[in-house]
Amino acid sequence: MILVVGGLADTVTELVCARLSDRDYPYRLLDLGTYPWGYRVDWHWTESGVSGNVEADGWSLDLHDLSGVYVRYLGAEGRTQPPGVEPSWTPALSFEHETGLMALLEDLPCVVVNRAAGGISNSSKVYQAQLVRESGLRTPPTLVTTDPEAVRRFYDDCRRDVVYKSLSGIRSIVRRLEPSHLDRLPLLRHGPAQFQAFIPGVDVRVHTVGDRVFASRIHSEAVDYRYGGREGHQVAMEPTALPDAVASACLSLARRLDLMLAGIDLKETPDGDYYCFEVNPSPGFLYYERESRQPISVALADLLRHGFERETPLVGAPMG
Amino acid sequence: MDGTYLFLGRPEGPCYADVRSMLEAQGHATLVTADPFARPCRFSWALDTVHSTSSLTLEGREAIGDHQIAGVVVLCPEWIDPAGWRPDDLTYVQAETHAALLAWLWSLPCPIVNRYPPAIWYRPQAPLLAWHGVLLQAGLPTLDTVVTNVDQNGGLGRRLVGDGSGAVYTPLTADTRYLVDSVEDWCGVTALQRVTPVSLSAPHGEPLWVCVVGDHVVWDGDPPAEAAALERGLRAFARATGLAVIEVALAPTSKGLCVVAVETRPRLERLREATRKDVVERIVEFLTAAVRVEVEVP
């Protein structure tokens, strides 16, 4: 049995459910929009590990029967207001019951796509960059600084072709550093910012699913193709093959982060080098599957059904 | 001079004062900054596929580079004063600052107390339940715990301890515990279960704290009879977390001694004076070990 943990209104979760149905893989949906109301959970942590069950109207699931779990957490907007609870209490209650859920998923012995502990590295892009270097992929020349003079030097060293973007997990649009922006550099006194040499080439989005690799080549004139439409740029996508060493480095990076499913942002330069910018632990792969027509969700469904040999996480970091 | 020891964060508590004093007494230079990214400090870190070079300038000082930093003690982080900030901007700059600090610490080739993995950095107050799997892997005894929203009319307490002495309710997102041992208490738990599953475990006795510094285990009092086996598990647990200094509390339960708390940020103030002195010596020993650390990002 497979457990899908997510929101019905989330299109990626909906796709996973649809694919599981297509392939006749039995699953249950734990709808985070209404969880824990409407569900009965009884989970026991002992020296034998974790056991117990989840029940909803019409079904009951023993945790021992799970072959895989897919989880995609919702923002506050995806949750319904619980009955009889003051709205001001809702965030704290959500935090409490999602913490319990995360602790459970961390300790289940089956495939979990994805456990939270591995994905949290995405909260520091520069931390991730150090993992990227060690995996064998390239990291763009990067400057993290609070010093306006250091930015000016970096800007000149990079032939005035520099982008800036967030360091943390807070999503930002990658933008070019224009000469007019230099006047705002004194604002760095408030905190550090990340600047990177602009890497020319073609964006490649890689999804790793267990030990499978799906790469999509993205054609766009936008600095950040994800937001290309807003700036009037067309975005086109096609499947592509990666050099073996690059595919292998992507798999190694995902396994090192304990991510069964990962979205890895690469750029192939005109010289054939591959730079890596980020590893997304909860990728919205629907967009890429639809545009490049690659069977990512089929591979995911198979992974949840048939499992995958999980390496012991490197750090027993808590998440729950 | 062999480099400078940096203390990052709010300068308070014995981990700051005692460790700093001992380092200075041994002739080491120390510097303290609440926030290396706030003015008047200046910070720059350049990173690419091969190189990583950083520079930190504190007020009135020369810039120090990576290899001039002999060691780092990470104290409680300084939060940005919210005055004058819009909430969204404050959240953003706070997240950026923490992300930069975490990453920079992993780039430094010196001993650090503590070089936190992201999962601990971002969740320093993780509940004990979140450590269950790691504790088990290390061979340490864990508390049996139930997370449930099934109303069992007080049967939970009986199931947990068998003798009707109740259970401990521990919110997973707060550092508090409540003994549930009366009909009224169980009614409260049942009411709470209508809005969230609750975490319940067996009651325990007085905790005994133990601090692991590198490979050294320092008990805050008389070691228990099973200390030898526990120390093996404690060292394995500390290694699994990747932390140089970690504190663990063990307490008697109906099934014997169990781990009842894990503290990832050294809070030496609760230790007895003799224990604290021993721990401080071990921390200084760790920081001043002659070997350079080969940092491998987990």
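This structure is a prediction, so every number in the text was calculated from the model and none was measured.

Student: How do you make sense of the overall build of chain B when you look at a structure like this?
Tutor: Counting its regular elements, chain B contains eight helices and 15 strands. Its C-alpha atoms put chain B at 65 × 50 × 35 Å along the principal axes. In chain B, which comprises 298 residues, the share counted as buried stands at 55%. In chain B, of all internal contacts separated by at least 6 residues, the share reaching a separation of at least 24 is 65%. Accessible surface, chain B as shown: approximately 12800 Å² in total, 52% of it carbon and sulfur. Positive and negative charge centroids in chain B, built from 24 and 36 side chains respectively, lie 2 Å apart.

Student: Is there a simple way to think about the overall build of chain A in this case?
Tutor: Scanning chain A for helices and strands turns up eight helices and 16 strands. Reported as C-alpha extents along the three principal axes, the dimensions of chain A are approximately 65 × 45 × 40 Å. Counting the 320 residues in chain A, one finds 58% classified as buried. Within chain A, residue pairs in contact and separated by at least 24 positions form 67% of the contacts whose partners lie at least 6 positions apart. A total accessible area of about 13400 Å² is found for chain A, and carbon and sulfur atoms account for 48% of it. Here chain A contributes 32 positively and 43 negatively charged side chains, and the mean placements of these two sets differ by 5 Å.

Student: Could you clarify how one ought to interpret the environment of R232 of chain B in this entry?
Tutor: With respect to the element layout, R232 of chain B can be found in helix α7 (residues 227-241). As for R232 of chain B and L243 of chain B, which are separated by 11 residues in sequence, their C-alpha atoms are 16 Å apart.

Student: Sorry if this is basic, but what is going on with the packing of aromatic side chains here?
Tutor: Here a ring pair, both rings aromatic, is described through the centre-centre distance and the interplanar angle of the planes. In this structure the tally under the stated criterion is 10 aromatic pairs over all chains. The interplanar angle of 85° and the centroid separation of 5.8 Å between the aromatic rings of F7 of chain B and Y16 of chain B together place this pair among those described as edge-to-face. Given the relative accessible area of 0%, F7 of chain B is considered buried. Each member of the aromatic cluster is reached from another via a ring pair, and the members are Y35, Y39 and W59 of chain A. In this structure, R176 of chain A packs its charged tip against the face of F198 of chain A, placed 4.0 Å from the ring centre. When the ring centre of W106 of chain B is taken as reference, the NZ or CZ atom of R115 of chain B above it lies at 5.7 Å.

Student: Please clarify how the environment of G49 of chain A should be interpreted in this entry.
Tutor: Turning to its location among the elements, G49 of chain A is positioned in strand β4 (residues 49-56). On a C-alpha basis, the gap between G49 of chain A and H97 of chain A in space is 20 Å, while along the polypeptide they are 48 residues apart.

Student: Honestly, the nonpolar core in this entry has me stumped. Any pointers?
Tutor: A general feature of soluble globular proteins is that nonpolar side chains tend to end up buried together. One finds L266 of chain A together with V72, W104 and F237 of chain B to be the most contacted residues of the largest nonpolar core, which totals 78 residues. Here this core takes eight residues from helix α2 (residues 87-107) of chain B, the largest share from any one element.

Student: For this particular structure, what's the right way to read the domain arrangement of chain B?
Tutor: Quoted interface sizes are often the accessible area lost when the parts come together. Residues and elements named next belong to chain B. Per the domain assignment, the segments making up chain B are domain 1 (4-121 + 289-296), domain 2 (128-140 + 206-264) and domain 3 (145-201). Of note, the centres of domain 1 and domain 2, computed from C-alpha atoms alone, are 28 Å apart. Taken together, the contacts link seven residues of domain 1 with seven residues of domain 2. The tally of links between domain 1 and domain 2 comes to zero salt bridges. One can count four residue pairs in polar contact (both at pLDDT 80 or more) joining domain 1 with domain 2. Taken together, the residues that form the side of domain 1 that touches domain 2 break down as five nonpolar, one polar and one charged.

Student: Explain the domain arrangement of chain A here, please?
Tutor: Each assigned domain of chain A is listed with its residue range as follows: domain 1 (2-113), domain 2 (141-197) and domain 3 (202-315). The C-alpha centroid of domain 3 of chain A is placed 26 Å from the C-alpha centroid of domain 2 of chain A.

Student: Help me out: how do you make sense of the interface of chain A and chain B in this one?
Tutor: Contacts between chain A and chain B engage 66 residues on the former and 70 residues on the latter. Summed over both partners, the interface of chain A with chain B comes to about 5600 Å²; 60% of that surface belongs to carbon and sulfur atoms. The interface formed by chain A and chain B contains two salt bridges. We note a salt bridge from E47 of chain A to K255 of chain B, for which the minimum N-O separation is 3.2 Å. The interface formed by chain A and chain B contains 27 residue pairs in polar contact (both at pLDDT 80 or more). The set of elements that each furnish at least two residues to the side of chain A that touches chain B consists of β3 (39-46), α2 (90-107), α4 (125-135), β8 (142-145) and α5 (148-157) of chain A. Residues of the side of chain A that touches chain B, tallied by class, amount to 33 nonpolar, 21 polar and 12 charged. Looking at chain direction, β8 of chain A and strand β3 (residues 42-47) of chain B are connected through four bridges and run antiparallel. Bridge pairing in β3 of chain B links T145 of chain A to S44 of chain B.

Student: Would you mind going over the packing of helix α1 (residues 14-25) of chain B against helix α8 (residues 273-288) of chain B with me for this structure?
Tutor: All names here are of chain B. One can describe the packing of α1 onto α8 by two numbers: an axis separation of 10 Å at closest approach and a directional angle of 60°. It follows that α1 is oblique to α8 by the angle criterion. Along this stretch, α1 crosses α8, giving a crossing that reads as right-handed. For the pair α1 and α8, the contacting residues are P14, C15, D18, V19, M22 and L23 in the first and R276, V280, E281, I283, V284, L287 and T288 in the second. Residue classes in the contact of α1 with α8 are distributed as nine nonpolar, one polar and three charged.

What counts, and where the lines are drawn
- Residues numbered from 1 in each chain as written.
- Chains lettered and ligands numbered in written order.
- Predicted model: local features only at pLDDT ≥ 70, side-chain atom pairs only at ≥ 80, totals over all residues.
- Heavy atoms only, no water.
- Helix = DSSP H or I, 4+ residues; strand = E, 2+ residues; numbered from the N terminus.
- Buried < 20%, exposed > 50% of the residue type's maximum accessible area, 1.4 Å probe, protein only.
- Contact = heavy atoms within 4.5 Å.
- Areas by Shrake-Rupley, 256 points an atom, 1.4 Å probe, with all protein chains shown as cover.
- Lys, Arg positive; Asp, Glu negative; His and termini not counted.
- Charge placed at Lys NZ, Arg CZ, Asp CG, Glu CD.
- Phe/Tyr/Trp six-rings, centres within 6.5 Å; stacked < 30°, edge-to-face > 60°.
- Lys NZ or Arg CZ within 6 Å of the ring centre and 35° of its normal.
- Core = buried A, V, L, I, M, F, W, Y, C linked by side-chain atoms within 4.5 Å.
- Domains from an automatic or database assignment.
- Salt bridge = Lys/Arg side-chain N within 4 Å of Asp/Glu carboxyl O.
- Polar contact = N/O pair within 3.5 Å; in protein donor to acceptor, adjacent residues only side chain to side chain.
- Nonpolar A, V, L, I, M, F, W, Y, C, P; charged D, E, K, R; others polar.
- Buried area = accessible area lost by both parts, 1.4 Å probe.
- Pairing = 2+ DSSP bridges.
- Axes fitted to C-alpha atoms, helices over the stretch in contact; angles between N-to-C directions.
- Parallel < 35°, antiparallel > 145°, perpendicular 65-115°, else oblique.
- Left-handed = near helix turned anticlockwise from the far one by under 90°.

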